[in-house]
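# Structural features, examined
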Amino acid sequence: MFRESELRIFIDGALRVFETLTSQAATVGSPYLVTDGKPGTYEYAGVIDISGIRKGIVYFTAPRGMLTVLLMRMQETDTSEENMRDLVGEVANTISGNARRDLGKGFVISVPNVVSNPADGVAMPHSRSFVIPINWRTHAAKLVVCLQ
Amino acid sequence: MDGRVATLKMMIVDDSNIIRRRIERSQQIDRLEVVGSASNGVEAVELFKRTDPDVVTMDLTMPEMDGIECVERLVALKPSVLILVVSALADKATAVEAIERGANGFLCKPFTDRQLNGALEELLGGR
Amino acid sequence: MKSPKGTEAGANRRVRLDIILIVAACVAFLGVVFIPGLRLAKSLSNDASALKFVSERRSYTLAVRNAVETLQDRLDSGGYVQAPLDQLRKAGEGLSDAVTRMSGAREIGVFDTPTETTALADPQIKASVTALDREWSAYRAHLAPLVAFHGIPFYDSESAGTHLNPEGRKLADATTLALQEARQAIPRMDADFIAVTDALEKSAAASTSRLSLVMLVGLVLAATMVSFAIMLQLARKKQEEAVRDAQAQMQRIFATMKEGLFLLDRDLVIGSAYSAATKDLFKRDDLAGLSFEELLKGLVPEKTLDTAMKFARVLWSERTKENLVKSINPLGEVEVRFQSEAGGASTQYLEFDFHRVRAGDDIAYLLVSVSDVSARVALANELKASQEKTQAQIDTLLNLLRVDPNQLSSFLGDSDAALQMVNSILREPAREEAAFRKKVDSMFRQIHAIKGEAAAIGLTTVEERAHGFEENLRALREKRELTGNDFLPLIVKLDDLFTHMQSIRELLGQLSRLQEVVRNTGRAPAAGAKPARATKPGAGESTIIEPLAAGADLAIMLKQLAERVGLENGKAARVEIAGAAALPNAYRRVVKDIAVQAVRNAVMHGIEAPQARRDAGKDPCGVIRIEVADQGAEGYRLTIEDDGQGLATEKIIASAVQKGLVSEAEAATFGPKQVMRLLFRPGFSTYEKATKDAGRGVGMNLIANLVNESGGKIGVSTSPGKFTRFTINLPATSAAGSSHEAA
C-alpha cells in the first residue's frame, strides 16, 4: 500500500521551492484521486521517472501565469520560454533531490525531464494517480504522483 | 564414549532456560560433554573457573554481564577456549564485536538441531 | 580457485630446491672429482719425476763398478789411475746423494715436500731404499780406501820399469777386494733400484687408472649436471608457461567475470589484480592500493562501515572460524548509494563475500567478491509484496465466501458510487478552512454508510478500512485548523479502498467463472463440457447475483448484522422484518442505511445481556421488529422497535452534559421531547467505549441526517425496561408509484 509519508516527501520538495525562491509559502489544496489516467497538466511540466520498489512517475505542472509571477518575484524580468522551462525544471529537481535523500531504499530516481504544452498531457504508467493541488497566491499548480 | 578421542567439556550460557535445555538436548557431538550451564555472565565466569570448559556457547543479551564482556573474560582466563556465540541476529555490529573480542563463531537464533551440530563441528575443527 | 600467491610460493620453493641441488652437485664434483683428481695428478707427476730421478741415479751403480774395474786394469797395467779414481768419486758421490735423497723422504704432505721424494713414501719403495742404503753403506766402506787414495801408486824408474809402490799395492788390494765385493753388491743395489722404479711405475699406473676413473666419474657427474640443468631449464620454462597461462587465464576471468573480485592484504588495502567488473561496480578506476575503508566510505552508513572494517579484520585472526561468521557479514546484502557527478544518486544492493586465501598455513589475503544483487532484492521485495497481496486476497476471499452474492453485488455498486462521491468532494477546489470543514462532514456520511453496509453483510476487510477512514475524518473534525495537508492521509486511504474494492470485484469475477466451470462439468460430463469461456457470460452471473424478491436481501442483511453485532457484544438478537417488499426503489438505499444504523444501535444500546433479560423475565434473545407500511399519499412509515431496556432520560441528559452538548442548568429545563432530541445531536453516544459498531455517537445523527435529506420525520417512543421505538415517516415520491406497482 502506498504510504502517506512517501507522498509527503514529494510534496515537501515542491513546497520548499516556493518557500526558498519567493519566501512566500505555498499551500496544499484538497488532494484527490484520478482514476481515468488523465490527471491533466498546465502549460509546463517537470517529470521525474521512478523505478525500483515502486515504478511510475511524479510530475509538477504549473501554468504560464504562475511561473511568470514566480519569475517576477525572483527579480527575473526575462520570462522567455527558456526561463519558464528552467523554473519548472528547478521545482522538479528539488522534488527529486528530496526524494533521493528521503526515499533511499530501493528507489531509483531520474533526472527531471521538462515538457511544455504537452498535447496529450503526460504519458501515465497507471490509470490511478494522486493529484495534489499546490496553491500559491492566487495561482494553482499541481503535483501528480502516479506510482505502483 | 570413544576412548580414543579426548572428551571436551562444554558450557552453555544463555538467560533462557528453554534455550539452555534445547542446546544440551540437541547437541550430538560424541566428544562433547556438557559440564554446566549459566544464565548470565557473572554466573558463567564463576562456573568457567570451576569447570574449565573447552567449548562455550554464549548468548549475547543477558542480565548482569552481557555476552560480549563475558567472551572477553573467558578468553582472558583460557585463551584456547572455543566460543560459539548463539544469539538472535538483531544487530550485526554486536555480533562482529563479540568475534572481535575473541569468540570463534556465530550461530543465529532460532536454529535447527542440524545447524547447531554443524556449527559445533565447525567450531571444533581440527581438535 | 587457485591463488596466484600460492603458485608463486610454490615456485619460490622450487627455485630454492634447485639452488640447493646445484650447490650440492658442485660440492660433490669438488669432493669426488676435482680434489682427488688434483691429488692423483700431483701424485702422478711425483711418480714421474721420482721415476726419472731413480732411473738416472741407477746408472751410478754401473758407473761405480766400471770405475773400479778400470782402476784395477790401470793398476795392473801401470796406467794412469787418476781418471778412474775421479770417476769413482763422482759416481760414489752421486750414488750417496741419490740414496740420501731417496731415504730422506718423510711422511708426505702433498704440497710442501720436494717433488722427487714424495712418491717414495710407498712402504715397498721405502724397504727397497733402506736395503739400498744399507748395501751402499756397506759397499762404500770397501770403496773408502780407493776414494781416499791420492798420489801415484807406482815407482817409476827406467831400469826397473813401472811397478807398484807400497801404497799402490795397498790400493791394488783394496781395488781387488772392492771389485770382488762389487760382484755381489752392485747387482743387489741395481735390483733395489729396479724394485723402486717398478714400484714407482706401478704406483704411477695405479694413479693413472684411478685418475681415469675419477675422470670418468667427473664425466658422468658433469653429464648428469648438464642434463639436470637442461631438465631444470625445461621445467622452469614449463612452469613459466604455466604461470603465464594462469595469469592470462586469470586476466581473462578477471576481464569477463561479472563479479567484482579483488584481494585485500593484512592492512585491508586492495591489491593490484582485480576483475574489470570491480571498477564498474564501484564506479572508479583507482582501486589498486586503495584501502577498503576508502572504497566504502560514503557508500554505506558510518556504522555499517565501522562494522565492516571490524569484520574484515577479525577474518585475519585464526581464532575466527571463517564458516561460522558468514551469517554476520555486515556487507552480506548492503545498500550502497552512489553520488553521481551530476548530483544525482543511485541506489544499489551489493553482496560482499570474503574468503581467506592461504599461502601454506598462513592467511595471505582476503579474496573479496562483490556482486550486484539489486535485481534479487527488488524481486524479493516484489515477492513479499505479492505474498502480502495474496494473503490479503485470501482473507478477502474467505470473507467473500460468507457474504451473500446478491448483497455483495448491490454493496459493490453502492459503495463504488459513494467512493466516487467522496473523491468528487475532495476534488472541489478548496483554499479556505470552511471549505475543508464542509468536505469532512460530507465525506463522513458517505464513508459511514459504506462502513455500516459492509458491517451488515459481514465484509470485514472493507469495514475495517472504512472505519480507519472514518476515524481519520473524526480526528479532522476535532482539529482546529484544516488545510489540504491534513487531507493527504485521506486520499491514501481512499486509494486503498478503491484498490480493495477493485480486488473484490476481480475475485468475484473469478468466483463466478469458477462456479461456471463447476456447474458445466457437473451438468454435462458425458456430452463433453463446453469450455467455460464459451458459456454465455450472462447465464453464469445471473445465478450468482440473481435479484431476490424485493426486500429479501435487506432482511437477510439485517439479520446477519444483528447476529454478528450480538455475538461480538455477548448479546442475542433476532430481526423480524415485515412489509419490506412495499418499499419503492427510490427509498431502498435510504431505508437500508437507516435500518443498518438502527439495528446496530438497538443491539448495542437497547437489547440487554441475556442474563439481564432472564432476570427481567424476558426471552434471553431480544427481538428487533422492522416494519414498512405503505400509507398511500402519506408516503411510507418505517417502524423500528426493540424489546430492550428502553431509553432512560437521566442517562441521556448525563451523557449530553458530559459531552458538553448542553449545560446542566439547560438540561434541567428540558421536557421529554427535548431530551429525546439530544439523541440525534452530532457527537452523542451513551456507550462508553468506542468500537466500530457504535459509540462514536454518529449512528443516530446519521439516521436523523438521512431522514432529513429525504424530507421525512422521525419520532421516538420508549418505555423503560420494555421497548424503544423509532417511527420514521417518509414522504411519497413520484418514483415510488411505478416501482410500487412493479413490486
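Structural data are supplied above this passage.
Read on for an overview of the structure. Since the model is a prediction, treat every value here as computed from it, not as a measurement.

Our focus in this paragraph is the overall build of chain C. Along its length, chain C carries 22 helices and twelve strands. The buried share of chain C, taken over its 743 residues, is 42%. Intrachain contacts of chain C at a sequence separation of at least 6 include 66% that bridge at least 24 residues. As presented, chain C carries roughly 38,400 Å² of accessible surface, and 56% of it is formed by carbon and sulfur atoms.

Residue and element names in this part refer to chain C. Under the counting rule described, the total for this entry stands at 36 salt bridges over all chains. Linking Glu135 and Arg188 is a salt bridge whose minimum nitrogen-to-oxygen distance equals 3.8 Å. Linking Glu135 in helix α4 (residues 123-148) with Arg188 in helix α5 (residues 166-256), this pair joins segments that are 53 residues apart in sequence. Its salt-bridge partner being Asp414, residue Lys592 comes within 3.0 Å of it at the nearest N-O pair. Of this pair, Lys592 sits in helix α16 (residues 585-606) while Asp414 is found in helix α10 (residues 405-427), placing the two residues 178 residues apart along the sequence.

A separate point is the packing of aromatic side chains. Overall, the coordinates contain eleven aromatic pairs over all chains when judged by the stated rule. Between the aromatic rings of Phe292 of chain C and Phe354 of chain C, the centroid separation amounts to 5.9 Å while the plane-to-plane angle is 90°, which identifies the pairing as edge-to-face. With a gap of 62 residues between them, Phe292 of chain C in helix α7 (residues 292-296) and Phe354 of chain C in strand β6 (residues 345-359) connect regions that are remote in the sequence. The burial state of Phe292 of chain C is the same as that of Phe354 of chain C; both residues are buried. Put simply, the rings of Phe262, Phe282, Phe292, Phe311, Phe352 and Phe354 of chain C pair up and form one aromatic cluster. Over the face of the ring belonging to Trp136 of chain A we find Arg137 of chain A, whose NZ or CZ atom lies 5.4 Å from the ring centre. Over the ring of Phe338 of chain C we find Lys283 of chain C; its NZ or CZ atom is 4.8 Å from the centre of that ring.

On to the packing of α10 of chain C against helix α11 (residues 433-457) of chain C, then. Residues and elements named next belong to chain C. One way to put it is that α10 packs onto α11 with a least axis distance of 9 Å and a crossing angle of 165°. Put simply, α10 runs roughly antiparallel to α11. Remark: the crossing between α10 and α11 carries left-handed chirality. Where α10 abuts α11, its residues Gln407, Leu408, Phe411, Asp414, Ser415, Ala418, Leu419, Met421, Val422, Ile425, Leu426 and Arg427 lie against Lys439, Ser442, Met443, Gln446, Ile447, Ile450, Glu453, Ala454 and Ile457. Considering only residue class, the contact of α10 with α11 consists of 13 nonpolar, four polar and four charged.

With that settled, the discussion passes to the nonpolar core. The nonpolar side chains of soluble globular proteins are, as a tendency, buried together. Counting 140 residues, the largest nonpolar core has Phe10, Ile132 and Leu143 of chain A together with Phe411, Leu459 and Ile624 of chain C as the members making the most contacts within it. No fewer than three residues from each of domain 3 (381-544) and domain 4 (552-742) of chain C sit in this core. Formed by 61 residues, the second largest nonpolar core is a distinct cluster that contains Met11, Met62 and Ile68 of chain B together with Leu305 of chain C.

Let us look at the interface of chain C and chain A. With 30 residues of chain C in contact, the opposing surface of chain A contributes 31 residues. For the pairing of chain C and chain A, the buried interface totals around 2,500 Å² over both sides, and the portion due to carbon and sulfur atoms is 56%. On the chain C side of the interface with chain A, the three residues burying the most area are Arg431, Leu488 and Val492 of chain C, jointly 23% of the side's total. Two residues, Asp495 of chain C and Arg128 of chain A, come together in a salt bridge whose shortest N-O distance is 2.6 Å. At the junction of chain C and chain A, the tally comes to eleven residue pairs in polar contact (both at pLDDT 80 or more). Of all the secondary structure elements, the ones that give two or more residues to the side of chain C that touches chain A are β5 (334-339), β6, α9 (374-401), α10, α11 and α13 (488-523) of chain C. Of the residues forming the side of chain C that touches chain A, the biggest block, nine residues, is contributed by α13 of chain C.

Bringing the sheet that holds strand β11 (residues 713-719) of chain C into the picture now. Residue and element names in this part refer to chain C. The sheet built from five strands is open, its strands ordered β8-β9-β10-β12-β11 with mixed pairing. Of all the strands in the sheet, the pair left with one neighbour each is β8 (573-578) and β11. Taking the axes of each pair of neighbouring strands and ignoring which way they run, one obtains an average angle of 10° across the sheet. Pairing geometry for strand β9 (residues 622-630) and strand β10 (residues 636-642), over seven bridges, is antiparallel. Along β10, the bridge assignment pairs Ile624 with Asp642. Running at roughly 15° to β10, α16 makes contact with β8, β9, β10 and β12 (723-730) of the sheet.

Another aspect to go through is a nonpolar patch on the surface. Residue and element names in this part refer to chain C. Residues Val32, Leu213, Leu216, Val217, Leu219 and Val220 make up a contiguous nonpolar surface patch of roughly 530 Å² in combined accessible area. Note that Val32 resides in helix α1 (residues 4-77). What makes Val32 partly exposed here is its relative accessible area of 41%.

What follows covers empty space enclosed by the protein. Over the atoms a probe the size of a water molecule is rolled, and this reveals where empty space is left. Residue and element names in this part refer to chain C. Inspection of every chain in the model, using the stated rule, returns two cavities of 30 Å³ or more. Its volume calculated, the second largest cavity comes out at about 30 Å³. In terms of lining residues, the second largest cavity is bounded by Ala449, Gly452, Glu453, Lys592, Asp593, Val596, Gln597 and Leu702. For the lining of the second largest cavity, the secondary structure elements donating two or more residues are α11 and α16. In terms of residue count, α16 provides more of the lining of the second largest cavity than any other element does, four residues in total.

Two pairing modes exist for strands in a sheet, parallel and antiparallel, and in both the strands are linked by backbone hydrogen bonds. All names here are of chain B. Read from one edge of the open sheet, five strands run β2-β1-β3-β4-β5, paired in parallel fashion. Every other strand in the sheet has two partners, leaving β2 (32-38) and β5 (105-109) as the edge strands with one partner each. Taking each pair of neighbouring strands and ignoring which way they run, the sheet shows an average axis angle of 20°. Sheet topology places strand β3 (residues 55-58) next to strand β4 (residues 82-88); four bridges connect them, and they run parallel.

The subject of this paragraph is the interface of chain C and chain B. Contacts between the two partners involve 15 residues from chain C and, on the opposite side, 21 residues from chain B. Ranking the residues of chain C by area buried against chain B places Arg319, Leu324 and Ile328 of chain C at the top, with a combined share of 45%. Between chain C and chain B we count one salt bridge in total. A salt bridge links Glu100 of chain B to Lys310 of chain C; the nearest nitrogen and oxygen atoms lie 3.8 Å apart. Linking chain C with chain B are nine residue pairs in polar contact (both at pLDDT 80 or more), by the criterion used here. For the side of chain C that touches chain B, a count of residues per class yields six nonpolar, five polar and four charged.

All names here are of chain C. Along the chain, Ile703 falls in helix α21 (residues 699-709). On the basis of relative accessibility, which here comes to 3%, the residue Ile703 falls in the buried class. Residues Ile703 and Ile594, 109 residues apart in the sequence, show an inter-C-alpha distance of 5.4 Å.

Right, let's talk about helix α2 (residues 82-103) of chain C for a bit. Between its terminal C-alpha atoms α2 of chain C stretches 31 Å, which fits the 32 Å expected from 22 residues at 1.5 Å a residue. Taken together, the buried positions of α2 of chain C are occupied by Pro84, Leu85, Leu88, Arg89, Ala91, Gly92, Gly94, Leu95, Ser96, Ala98, Val99 and Met102 of chain C.

Our next topic: the pairing of β5 of chain C. All names here are of chain C. Side chains Val334, Val336 and Phe338 project from β5 onto a buried face, and the interleaved Glu335, Arg337 and Gln339 project onto a face without burial. Pairing geometry for β5 and β6, over six bridges, is antiparallel. What sits directly across from Glu335, in β6, is Tyr349.

A rise of 1.5 Å per residue sets the reference length of helix α8 (residues 302-314) of chain C, with its 13 residues, at 18 Å; its end C-alpha atoms lie 19 Å apart and thus fit the reference within 8%. Those residues of α8 of chain C that sit buried are Thr304, Leu305, Thr307, Ala308, Met309, Phe311, Ala312 and Val314 of chain C. Contacts made by the buried residues of α8 of chain C are with α4 (92-100) of chain B together with α7, β5, β6 and β7 (362-372) of chain C.

The next point concerns unusual backbone geometry. Located in the positive-phi region is Arg137 of chain A, a residue other than glycine, with phi close to 50°. Counting through the fold element by element, Arg137 of chain A comes out in the loop between β7 (129-136) and β8 (139-147). Of the residues examined, Arg137 of chain A reaches a relative accessible area of 39% and is grouped as partly exposed. Phi at Asp52 of chain B takes a positive value of approximately 50°, unusual for a residue other than glycine. Mapped onto the elements, Asp52 of chain B comes out in the loop between α2 (41-51) and β3. For Asp52 of chain B, a relative accessible area of 37% corresponds to the partly exposed category.

Criteria and cut-off values
Residues numbered from 1 in each chain as written. Chains lettered and ligands numbered in written order. Predicted model: local features only at pLDDT ≥ 70, side-chain atom pairs only at ≥ 80, totals over all residues. Heavy atoms only, no water. Helix = DSSP H or I, 4+ residues; strand = E, 2+ residues; numbered from the N terminus. Buried < 20%, exposed > 50% of the residue type's maximum accessible area, 1.4 Å probe, protein only. Contact = heavy atoms within 4.5 Å. Areas by Shrake-Rupley, 256 points an atom, 1.4 Å probe, with all protein chains shown as cover. Salt bridge = Lys/Arg side-chain N within 4 Å of Asp/Glu carboxyl O. Phe/Tyr/Trp six-rings, centres within 6.5 Å; stacked < 30°, edge-to-face > 60°. Lys NZ or Arg CZ within 6 Å of the ring centre and 35° of its normal. Axes fitted to C-alpha atoms, helices over the stretch in contact; angles between N-to-C directions. Parallel < 35°, antiparallel > 145°, perpendicular 65-115°, else oblique. Left-handed = near helix turned anticlockwise from the far one by under 90°. Nonpolar A, V, L, I, M, F, W, Y, C, P; charged D, E, K, R; others polar. Core = buried A, V, L, I, M, F, W, Y, C linked by side-chain atoms within 4.5 Å. Domains from an automatic or database assignment. Buried area = accessible area lost by both parts, 1.4 Å probe. Polar contact = N/O pair within 3.5 Å; in protein donor to acceptor, adjacent residues only side chain to side chain. Pairing = 2+ DSSP bridges. Patch = residues over 30% accessible without salt bridge, like charges linked within 9 Å, V, L, I, M, F, W, Y side chains within 5 Å. 1 Å grid on protein atoms, 1.4 Å probe; cavity = no way out; pocket = protein on both sides within 12 Å on 5 of 7 lines; lining within 4 Å. Points joined across faces, edges and corners; volume = space filled by probe spheres on them. Expected span 1.5 Å × (residues − 1).

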